[in-house]
There are 2 protein chains.
Amino acid sequence: MSDPNTILIESIKRLLRRDADIHLRKIINKTHAADLSVIFHSLSVTHQLRLFNLIGDIEKKGILFSELDQDDFQDLIGKLDLDDVVDICEAMPTDDVADILGRLPEDLSDSILQKMEKEDSEEVEGLLQFDDDSAGGIMTPEFVALREDTTAKECIESLQKEHLDVEMPFYLYIVDEYGHLTGVSSLRQLVVNPPNQKLKDFMTTDVISVRTDMDQEEVAKIVARYDILAVPVVDSTNVLVGIVTVDDVIDIFRREATEDMLKMAGAGEEFVETKSVIKSTRLRLPWLFASCIGGIMAFFIIGNFEQSLSKIAALAAFIPVIMGMGGNIGTQSSTIVVRGLATGRLNINDTWPLVIKELSIGLILGIVYGVLIGTVAQIKYDTLMLACSVSLAVLCSMSVAALVGSLVPMLLARVNIDPAIATGPFVTTSIDIISVLFYFQIATTLLGI
Amino acid sequence: MSDPNTILIESIKRLLRRDADIHLRKIINKTHAADLSVIFHSLSVTHQLRLFNLIGDIEKKGILFSELDQDDFQDLIGKLDLDDVVDICEAMPTDDVADILGRLPEDLSDSILQKMEKEDSEEVEGLLQFDDDSAGGIMTPEFVALREDTTAKECIESLQKEHLDVEMPFYLYIVDEYGHLTGVSSLRQLVVNPPNQKLKDFMTTDVISVRTDMDQEEVAKIVARYDILAVPVVDSTNVLVGIVTVDDVIDIFRREATEDMLKMAGAGEEFVETKSVIKSTRLRLPWLFASCIGGIMAFFIIGNFEQSLSKIAALAAFIPVIMGMGGNIGTQSSTIVVRGLATGRLNINDTWPLVIKELSIGLILGIVYGVLIGTVAQIKYDTLMLACSVSLAVLCSMSVAALVGSLVPMLLARVNIDPAIATGPFVTTSIDIISVLFYFQIATTLLGI
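Residues numbered from 1 in each chain as written. Chains lettered and ligands numbered in written order. Predicted model: local features only at pLDDT ≥ 70, side-chain atom pairs only at ≥ 80, totals over all residues.

### Looking at the overall build of chain A
In step 1: Along the backbone of chain A there are 22 helices and six strands.
In step 2: For chain A, the C-alpha atoms occupy an extent of roughly 90 × 65 × 40 Å along the three principal directions.
In step 3: Long-range contacts, defined as pairs at least 24 residues apart, comprise 70% of the intrachain contacts of chain A with a sequence gap of at least 6. (Helix = DSSP H or I, 4+ residues; strand = E, 2+ residues; numbered from the N terminus. Contact = placed C-beta atoms within 7 Å.)

### Quick word on the relation of the copies chain A and chain B
Each of the two chain copies can be brought onto the other by rotation about an axis and movement along it.
In step 1: Aligned on chain B, chain A shows an RMSD of 0.1 Å; the corresponding rotation is 180 degrees and the shift along the axis is 0.0 Å. Both copies are brought into coincidence by an operation consistent with a two-fold rotation axis. Taking C-alpha positions as reference, the residue of chain A nearest the rotation axis is S310 of chain A, located at 2.5 Å.
In step 2: Mapped onto chain B, 99% of the interface residues of chain A again fall at the interface, so both copies present the same surface. (Least-squares fit on C-alpha atoms with pLDDT ≥ 70 in both.)

### Here's the deal with the environment of S121 of chain B
Residues and elements named next belong to chain B.
In step 1: Counting through the fold element by element, S121 comes out in helix α10 (residues 118-128).
In step 2: For S121, a count of 21 C-beta atoms within 10 Å corresponds to the buried category.
In step 3: Put simply, S121 and M297 are 176 residues apart on the chain and 55 Å apart in space, counted from C-alpha to C-alpha.
In step 4: Residue contacts for S121: discarding those within four places in its chain leaves L113 and M116. (Buried ≥ 20, exposed ≤ 12 C-beta atoms within 10 Å, placed from the backbone.)

### A closer look at the nonpolar core
In step 1: The biggest cluster of nonpolar side chains holds 216 residues, and the ones touching the most others in it are V244, V249 and A316 of chain A together with V244, V249 and A316 of chain B.
In step 2: Discounting residues that sit within four places of it in the chain, A316 of chain B has contacts with I302, L309, A316 and I319 of chain A together with L309 of chain B. (Core = buried A, V, L, I, M, F, W, Y, C linked by C-beta atoms within 7 Å.)

### Here we look at the sheet that holds strand β5 (residues 230-234) of chain B
All names here are of chain B.
In step 1: Pairing in this open sheet of three strands is mixed, and the strands run β4-β5-β6 from one edge to the other. If you trace the sheet from one side to the other, it starts and ends with β4 (210-211) and β6 (240-245), each paired once.
In step 2: Where β4 meets β5, two bridges bridge the pair, whose relative direction is parallel. Counterpart to R211 in the pairing with β5 is V234.
In step 3: Across the face of the sheet, helix α15 (residues 216-225) comes into contact with β4, β5 and β6 while running at roughly 135 degrees to β5.
In step 4: Sheet strands in contact with helix α16 (residues 246-264) are β5 and β6, and its direction is about 60 degrees off that of β6. (Pairing = 2+ DSSP bridges. Axes fitted to C-alpha atoms, helices over the stretch in contact; angles between N-to-C directions.)

### Quick notes on the sheet that holds strand β3 (residues 181-186) of chain A
All names here are of chain A.
In step 1: Ordered by their spatial adjacency, three strands build an open sheet running β1-β2-β3, and the pairing between neighbours is mixed. Sheet topology places β1 (145-146) and β3 at the edges, where each strand pairs with a single neighbour.
In step 2: Two strands pair when backbone bridges link them, and β1 and strand β2 (residues 171-175) are joined in this way by two bridges, in the parallel orientation. For L146, the partnering residue across the bridge sits in β2 and is I174.

### Things to note about unusual backbone geometry
In step 1: With a phi angle near 50 degrees, D382 of chain A is a residue other than glycine that sits in the positive phi range.
In step 2: By secondary structure assignment, the location of D382 of chain A is in the loop between α20 (351-381) and α21 (384-414).
In step 3: With 9 C-beta atoms counted inside 10 Å, the residue D382 of chain A sits in the exposed group.
In step 4: Phi is positive for D227 of chain B, which is not a glycine, with a value near 50 degrees.
In step 5: Among the secondary structure elements, D227 of chain B is positioned in the loop between α15 and β5.
In step 6: Among the residues examined, D227 of chain B registers 21 C-beta atoms within 10 Å and is labelled buried.

### As for helix α16 (residues 246-264) of chain A
The periodicity of an α-helix, 3.6 residues per turn, causes residues three or four places apart in sequence to face the same way.
In step 1: An ideal rise of 1.5 Å per residue puts 27 Å on 19 residues; α16 of chain A measures up with 27 Å between its terminal C-alpha atoms.
In step 2: Of all 19 residues in α16 of chain A, 14 are buried, a share of seventy percent or more. (Expected span 1.5 Å × (residues − 1).)

### Re the domain arrangement of chain A
Accessible area lost upon the coming together of the parts serves often as the stated size of an interface.
In step 1: In terms of domains, chain A is made up of domain 1 (5-130), domain 2 (145-258) and domain 3 (277-447).
In step 2: Its C-alpha centre places domain 2 of chain A at a distance of 50 Å from the equivalent point of domain 3 of chain A. (Domains from an automatic or database assignment.)

### Details of the interface of chain A and chain B
In step 1: Contact residues are listed per partner, giving 95 residues for chain A and 94 residues for chain B.
In step 2: Among the elements that take part in the side of chain A that touches chain B, helix α19 (residues 319-343) of chain A stands out by supplying 17 residues, more than any other.

### Quick notes on the pairing of β2 of chain A
Residues and elements named next belong to chain A.
In step 1: Along β2, four of the five residues are buried, which leaves the element largely enclosed by surrounding structure.
In step 2: In this sheet, β3 lies alongside β2 in antiparallel orientation, the contact comprising five bridges. Bridge pairing in β3 places L172 opposite S185.
In step 3: Taking the residues between adjacent antiparallel strands as the criterion, β2 and β3 are bridged by five residues, where G179 takes a positive phi near 90 degrees.

### Re the pairing of strand β6 (residues 240-245) of chain A
All names here are of chain A.
In step 1: The element β6 is extensively covered by neighbouring structure, given that six of its six residues are classed as buried.
In step 2: As judged from the five bridges shared by strand β5 (residues 230-234) and β6, these two strands associate in the antiparallel manner. Opposite A230, over in β6, you have T245 as the bridge partner.
In step 3: Linking β5 to β6, which pair antiparallel, is a turn of five residues; within it N238 sits at a positive phi near 70 degrees.

### Overview of the packing of α19 of chain A against α16 of chain B
In step 1: Between α19 of chain A and α16 of chain B, whose axes approach to 10 Å, the crossing angle comes to 165 degrees. Accordingly, the angle class assigned to the pair α19 of chain A and α16 of chain B is roughly antiparallel. In the crossing of α19 of chain A with α16 of chain B, the sense of the turn from one axis to the other is right-handed. Side by side, α19 of chain A and α16 of chain B meet where T335, I336, R339 and T343 of chain A of the first sit next to R254, T258, M261 and L262 of chain B of the second.
In step 2: In terms of residue class, the contact of α19 of chain A with α16 of chain B is built from three nonpolar, three polar and two charged. (Parallel < 35°, antiparallel > 145°, perpendicular 65-115°, else oblique. Left-handed = near helix turned anticlockwise from the far one by under 90°. Nonpolar A, V, L, I, M, F, W, Y, C, P; charged D, E, K, R; others polar.)

### Considering the confidence of the model for chain A
In step 1: In this model, chain A carries an average pLDDT of 87, and 96% of its residues clear a pLDDT of 70 or more.
In step 2: The weakest mean pLDDT in chain A belongs to helix α13 (residues 187-192) of chain A at 80; the strongest belongs to strand β4 (residues 210-211) of chain A at 96. (pLDDT = per-residue confidence, 0-100.)

### Things to note about helix α10 (residues 118-128) of chain A
Residues and elements named next belong to chain A.
In step 1: Among all positions of α10, only S121, E123, V124 and L127 are buried. Summarising the axial view, the buried residues of α10 lie within an arc of 155 degrees, below the 170-degree limit, and thus occupy one face. Across α10 from its buried face, at more than 90 degrees, point the exposed residues K118 and E119.
In step 2: On its buried face, α10 sits against α8 (94-103), α9 (106-115) and α11 (135-138). (Arc of directions from axis to C-beta.)

Here it is in structure tokens:
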């Protein structure tokens, strides 16, 4: 886990203190923009600004813009001259510009767009009209599109003259006179086929494409499923308007996995890079409120059994283990389901077989741990009915938890609510309440108190 | 979330019942192997076998081998003729063969290797010697390596004649006479440079490479960080031995995210595709045992305060809310830390600033919810000291939980234990115990019972 950047950060800080600009410039320009973003995260905005101005290559500045954390980027851009920002944006790939402008306050992004060259700003505005999370929102409009009677040789010539701004031209798309996508070929096919062979003779006509309004997660799954390096994006009339490349797909998967994990833990949109304690606190407050309400409900339930408790105080001692066993198996079930849905391994049509399987697991484990914990209760208190109540409560709590933990995310997915978002607090809190209720109901009945 | 494969599965099942082989063959050969693996998952092994034999293209059979779930693959291969399996393996990329053989029982994989052509089986055995999770274990030995005085034209000719088995030849690697990696070029540079230009004139000498023993997660992070399509793998003497391609990197990220989530939920290696209830139960048993032991410890702690409980039975009513609030904030903190470490956004050197930040959040939220829950207690029982005990217990439980939730994964990462594996059960259980202990200690002291 140790990070080679740590040593680099230390020497950069030392050089900054010594004002050793020549040395700094050398280091900065040898370091990849992706690593610079990590280094910037450890520096004050004044130091960030000094380093930023030492970067020689304008394209590198652009990559750094894309790579910086949200907070770092906003701080830095506030200190930069607007004209410099515009120059950098013009040197960046259009989809990256749309990305960063989408993260800025509207007045700032508007003034940047106004100052950009008309052709560039129109492309960016074209992208900004799509939903951020859709294929249109993540695609780049820079791709290679050719007509089907172009020869391999002409394709190569066209790549040498035009299309030099295309980021990753491993696929060549073939379009008809109206811009409709009709085929795909690869750089590889271009070099292995004879120079005067026409695209239509070796192109693949069975092209996998996505629509502009497809959700980015679906797009990512398609790229992953078919092991392709880019997927073409078409509008509703099958006109090719952009491509989504595999590097963006990796980012989508990583971000989605992070978001799912945080949502399931009830930490909403809090990322580790959120620097402010106040912001983090605010993000966690509502989720904890749900669990607080649940806790208060459990408290009123137990309050109703106060009389029984004052007769057999030992009843209280089993509350944690019953809640804990239910809560844990519920988390296991819901995590497996949420992740299964996210990776496409689980289909919402499989609801019943899945829930029955989970319920069986809950029952088996409930019997195992019910007997175990009941035995401990019997040894400690030598009251058979108390031991039986505890055993039964563990069994009920664990089977209900497995049922709720698997059923709730499946039902949410069916009605198109993100299963990750409601699973954590909802499942945990309801299992807590159900467990406590079952336990006291069973105990008071069996013990006759 | 609805799956277009569902309709396909239904019609295939219908055709299988009708023995409509001609029709089936047409559908099967038009369907991508990745989709076939999903379809196979819904079928009996007899039906899987029938469909498999209808596949015309041997390479497609190979992709299907790689795509099938572990259980489905083992079932299917048990029914196939060994000679057919060997033929399919010989048509597959070497890294994929090593992958699937690694998943088979040793005697079966040995007999396959013995029957394969010597050249192929040696390559596979070369890969099998590396750790599954290392760069060596995931690389493919099929890549394009050329000498630095080759011209662009000669490169293209060589691609047309040889290297036709290379999966994704977007990068050309340049090696010296001993096979040492000295540079890299791309297919794109090949076509945009004049035909008689030599590789050494336009190759990049600053090549990012990884060592065979590097952990696959680190390899994946490098590919993602630098937005490259493949990374060359070298041995300890810098000899180029393979490449890791971006499609494998996507799989690594998705698998690692799934594993981390399941580990954190204490569901170990259980995936949704684990069909057997018994296997799932066995996988969850040990993790639940940890939480059971924790629950029993809490039970003995509360048992010690039985006298106080019989005096004020209402004490029991607050156990769930105090445990719940602590448990939830602890899960939030540990999830943020574990994911931050996994994505590289968090560095183990940041331990103290992070823990202090989490502790501050715990204190603030502890005060907020302590006052809230204390007020409810006061309204219900009108006993100031009871309300104060509950408030203080919530405050202590939440701050300690935030501290433990952030500190434990950081410490585990420092001693090179996977933070995800121990976070879930360890953090939850210890927070439960600490919460209960604090609560009863504070309450008995303040209430003088």
